[in-house]
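Per-entry structural report
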Amino acid sequence: MQYNVVVIGSGPGGYVAAIRCAQLGMKVAIVEKYNTLGGTCLNVGCIPSKALLDSSEHFHNAAHTFKEHGIDINAPKVNIGQMIKRKGDVVKANVDGIAYLMKKNKIDVHTGVGSFVDKNTIKVTNDGKETTLTAEKVIIATGSKPTPLPFAAFDKKKIISSTEALELKEVPKHMIVIGGGVIGMELGSVYARIGAKVTVVEFLDSLIPTMDGTMGKELQKATKKLGMDFYLGHKVTAVENKGKEVIVKAEPKNGGAAIELKGDYCLVSIGRRPYTDGLGLEKVGIELDKGKIPVDDHLKTKVDNIYAIGDVVRGAMLAHKAEEEGVMVAEQMAGQKPHINYNLIPGVVYTWPEVASVGYTEEQLKEQGRAYKTGSFPYKALGRARASMDLDGLVKILADKTTDEILGIHIIGARAADMIAAGVVAMEYRASAEDVSRMSHAHPTYMEAVKEACLAATANRPLHM
Ligand code: FAD
Ligand code: NAI
């Protein structure tokens, strides 16, 4: 079978690349080793985790805030089987949607493991059956897998990754989370909200450490209210599955007394690693760099007709980053000159309050030695936040000291995930903090905190504080 483009991997990088290639008139095939399309994001990542975050938030509100709103109900109970089933239904609707999009765009789907025979030939193996595809161009979009601890493999029962944490049959009594990054905080908060004791052990001194430091501190305060416990600056030294319980040992990295935690589940969320097993990269002479496929600024590998995108290459491991790269590669193949502004790819943590960021963090600006100013505004001063009782959170704006150009927007609070899009637009058009502060923001909305933080950054003149 002959194609202009073969895409290996059907996650957000791969399926979006395939659609854009098809839109641009290319004959396209996509190869996926699993029976459902959509990759990590749709099957075991973004979508199922958000489904559980939403369910657990409803439960939390029913148990803790309905009364205050004047809604009297009997104490709600968790039906974890139904929660997981609904999550499965949400996943199915989404992955079926991708199958429909492939059909609509006349993209051939080949189920099986794709591997290179040579730079223009891909072998697809499924249950011993082989199909050979030839392609003028190939896009590798094989994604990533959870990283295990070097001394404690995932046993998938008690020592689990995010994949198993999305499928639990019971509410853990005590879930120990290793790694206070995005997965640890999102899935940790799911189980904390529905009644588990959750303890997070993080190696660095802050939660979600790649984000602006203020966000980590505020998120810690907010999630402590859910009963989550934190051991920051701790190095895990042992994790043992003892049958009924898991034992985690850790010691403060700067010295001090070791701790021993006992739980019934240990979620290991210490990052993900690019996935290239079985791809046969050696057949085309591509060597990995720290596990990643090296690419140039155009996402081209060292082999002229082979591109790579998404989690398997450098940069943030985010679905929307993978999608942008898929579009960029397709458009380049069609002779266009697309561009990605990597600094303006937003990052979101879907806890409640949500955390969302775009641009530079304060730590990065300090490191660059750039002269900057800051403006902040707390949610608790917003009428909208009082009405909804979502008082935790703040907006922090970083702007150039001289030009007032916005350099970073960091939000923790209700609806931050949706609000950050406005920040991306402002920064893409190189708005100053004063520009944003002079635009009308509907009242009462959470977005007023962005306007007020911009006023604070411009000349320390917020109106409502
Ligand atoms: P993937 O989605 O990993 O897809 C790669 C696909 O390639 C897989 O289906 C795999 O089976 C297939 N494949 C691999 N090798 C072969 C082969 N040889 N032959 C055939 N097929 C192959 N990101 C966000 O932006 N927002 C979120 O809210 C978010 N939440 C997440 C929650 C969790 C729990 C996890 C684990 C991740 C989350 N992510 C989120 C990250 C996001 O899922 C990834 O960044 C994204 O899926 C990367 O897309 P990709 O196309 O590069 O790879
Ligand atoms: P992460 O990189 O976000 O967090 C890992 C955390 O583990 C870091 O804080 C790190 O300091 C810590 N850590 C590393 N080794 C450790 C050790 N030995 N002991 C204790 N702590 C240790 O990775 P995570 O949470 O596993 O997620 C993987 C990727 O998936 C993320 O990088 C993110 O890009 C993506 N993702 C995105 C989401 C979103 O956009 N909302 C949601 C979930 C995942």
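For clarity, every value in this text was computed on a predicted model and none was experimentally measured.

Looking now at the overall build of the protein chain. What the protein chain contains, in helices and strands, is 13 helices and 22 strands. Over its C-alpha atoms the protein chain spans a radius of gyration of 23 Å, differing by no more than 12% from the 23 Å that the globule rule assigns to 465 residues. C-alpha extents for the protein chain along the principal axes are approximately 65 × 60 × 50 Å. In the protein chain, buried positions account for 53% of the 465 residues. Restricting to contacts in the protein chain with at least 6 residues of sequence separation, those with at least 24 account for 64%. Surface summary for the protein chain: the accessible area is close to 21,600 Å², and the carbon and sulfur share equals 52%.

This paragraph deals with unusual backbone geometry. Omega for the bond connecting Trp352 with Pro353 falls within 30 degrees of zero, at 5 degrees, which places this linkage in the cis form. Position of Pro353 relative to the elements: it lies in the loop between strand S18 (347-349) and strand S19 (354-359). For the bond running from His443 to Pro444, omega is -5 degrees, close enough to zero to count as cis. Counting through the fold element by element, Pro444 comes out in the loop between helix H12 (433-437) and helix H13 (448-459). The phi torsion at Asp127 lies on the positive side, around 55 degrees, for a residue other than glycine. Counting through the fold element by element, Asp127 comes out in the loop between strand S5 (121-126) and strand S6 (129-140). One non-glycine residue, Met389, lies in positive phi territory at about 65 degrees.

Counting residues in hydrophobic clusters, the biggest one holds 55 residues, and the most contacted among them are Val6, Phe116 and Ile139. No other element matches the seven residues that helix H1 (residues 12-23) contributes to this core. Every residue in contact with Phe116, bar those within four places of it in the chain, is listed here: Ile8, Thr121, Ile122, Val138, Ile140, Leu279, Gly280, Leu281, Lys283, Val284 and Ile306. Membership of the second largest hydrophobic core comes to 35 residues, among which are Ala165, Ala196, Leu207 and Leu226.

Once that is clear, we can look at the pattern of salt bridges. Enumeration over the complete set of coordinates arrives at 22 salt bridges. For Lys85, the salt bridge goes to Asp89, with nearest N and O atoms at 2.7 Å. Of this pair, Lys85 and Asp89 both sit in helix H4 (residues 80-104), separated by four residues, roughly a single helical turn. Among the salt bridges present, the one from Asp96 reaches Lys92, with a minimum N-O distance of 2.5 Å. One end of the pair, Asp96, and the other, Lys92, are both in helix H4, four residues apart, so they sit about a helical turn from each other.

This paragraph deals with the site of ligand 2. The local shell around ligand 2 holds 21 residues, among which Glu186, Glu202, Gly271, Met317 and Val348 are the closest. One nitrogen or oxygen atom from the main chain of Gly271 is found 2.8 Å from an oxygen atom belonging to ligand 2. With the chains in place, 77% of the 830 Å² that ligand 2 exposes on its own is no longer accessible. For the shell around ligand 2, the leading source of residues is helix H6 (residues 182-193), giving three residues.

Turning our eyes to something else, we now look at the site of ligand 1. Residues in contact with ligand 1 amount to 38 residues; listed here are only the nearest, Glu32, Thr40, Lys50, Gly114 and Ala319. Backbone polar atom of Leu318 to an oxygen atom of ligand 1: 3.2 Å apart, as the coordinates give it. Protein coverage of the free-state accessible area of ligand 1, which is 1,000 Å², stands at 94%. Those elements giving two or more residues to the shell around ligand 1 turn out to be H1, strand S2 (28-32), helix H2 (39-44), helix H3 (46-64), strand S4 (113-118) and helix H8 (319-333).

Looking now at the state of the cysteines. Covalent bonding between the sulfur atoms of two cysteines defines a disulfide. Tallied over the entire structure, the rule returns one disulfide. In this model Cys41 forms its disulfide with Cys46; the gap between the sulfur atoms is 2.3 Å. Between Cys41 and Cys46 the disulfide shows an S-S torsion of about -130 degrees. By sign, it is left-handed. Cys41 gets classed as buried once you look at its relative accessible area, which sits at 10%.

The next subject is the side chain of Glu354. Mapping Glu354 onto the fold places it in strand S19. Among the polar contacts listed, one links the side chain of Glu354 to the backbone nitrogen of Arg415, at a separation of 3.5 Å. Residues within four places of Glu354 in sequence aside, it is in contact with Val349, Ile411, Ile412, Gly413, Arg415, Ala416 and Ala417.

What follows concerns the packing of aromatic side chains. Under the definition given, this model contains one aromatic pair. For Lys158, the ring lying beneath its charged end belongs to Tyr265, and the centroid distance is 4.6 Å. Over the face of the ring belonging to Phe203 we find Lys253, whose NZ or CZ atom lies 5.5 Å from the ring centre.

On to the environment of His174. Inspection of the secondary structure puts His174 in strand S9 (residues 174-178). Judged by its relative accessible area of 15%, His174 is buried. The spacing of His174 and Tyr265 is 91 residues in sequence and 6.7 Å in space, taken between C-alpha atoms. Polar contacts involving the side chain of His174 include one to the side chain of Thr199, which spans 2.7 Å.

A word on the UniProt feature "active site" (unreviewed entry) in the protein chain. On the UniProt side, "active site" (unreviewed entry) is annotated at positions that read His443 here. Positionally, His443 belongs in the loop between H12 and H13.

Attention shifts here to the sheet that holds S19. One open sheet holds the five strands; their spatial order is S18-S19-S22-S21-S20, and the pairing between them is antiparallel. One side of each edge strand has no neighbouring strand; the edge strands of this open sheet are S18 and strand S20 (372-378). Sheet twist, expressed as the mean angle between neighbouring strand axes with direction ignored, is 10 degrees. For S19 and strand S22 (residues 406-413), the ladder comprises six bridges, and the chain directions are antiparallel. Paired with Gly359 across the bridge in S22 is Gly408. Contacts between helix H7 (residues 213-224) and the sheet are confined to S19, strand S21 (394-400) and S22, with S22 contributing the most and set at about 5 degrees to the helix.

What counts, and where the lines are drawn
- Residues numbered from 1 in each chain as written.
- Chains lettered and ligands numbered in written order.
- Predicted model: local features only at pLDDT ≥ 70, side-chain atom pairs only at ≥ 80, totals over all residues.
- Heavy atoms only, no water.
- Helix = DSSP H or I, 4+ residues; strand = E, 2+ residues; numbered from the N terminus.
- Rg over C-alpha atoms; globule rule 2.2 N^0.38 Å.
- Buried < 20%, exposed > 50% of the residue type's maximum accessible area, 1.4 Å probe, protein only.
- Contact = heavy atoms within 4.5 Å.
- Areas by Shrake-Rupley, 256 points an atom, 1.4 Å probe, with all protein chains shown as cover.
- Core = buried A, V, L, I, M, F, W, Y, C linked by side-chain atoms within 4.5 Å.
- Salt bridge = Lys/Arg side-chain N within 4 Å of Asp/Glu carboxyl O.
- Near = heavy atom within 4 Å.
- Polar contact = N/O pair within 3.5 Å; in protein donor to acceptor, adjacent residues only side chain to side chain.
- Disulfide = S-S within 2.5 Å.
- Phe/Tyr/Trp six-rings, centres within 6.5 Å; stacked < 30°, edge-to-face > 60°.
- Lys NZ or Arg CZ within 6 Å of the ring centre and 35° of its normal.
- UniProt positions renumbered as here; feature names shortened; annotations may be inferred.
- Pairing = 2+ DSSP bridges.
- Axes fitted to C-alpha atoms, helices over the stretch in contact; angles between N-to-C directions.

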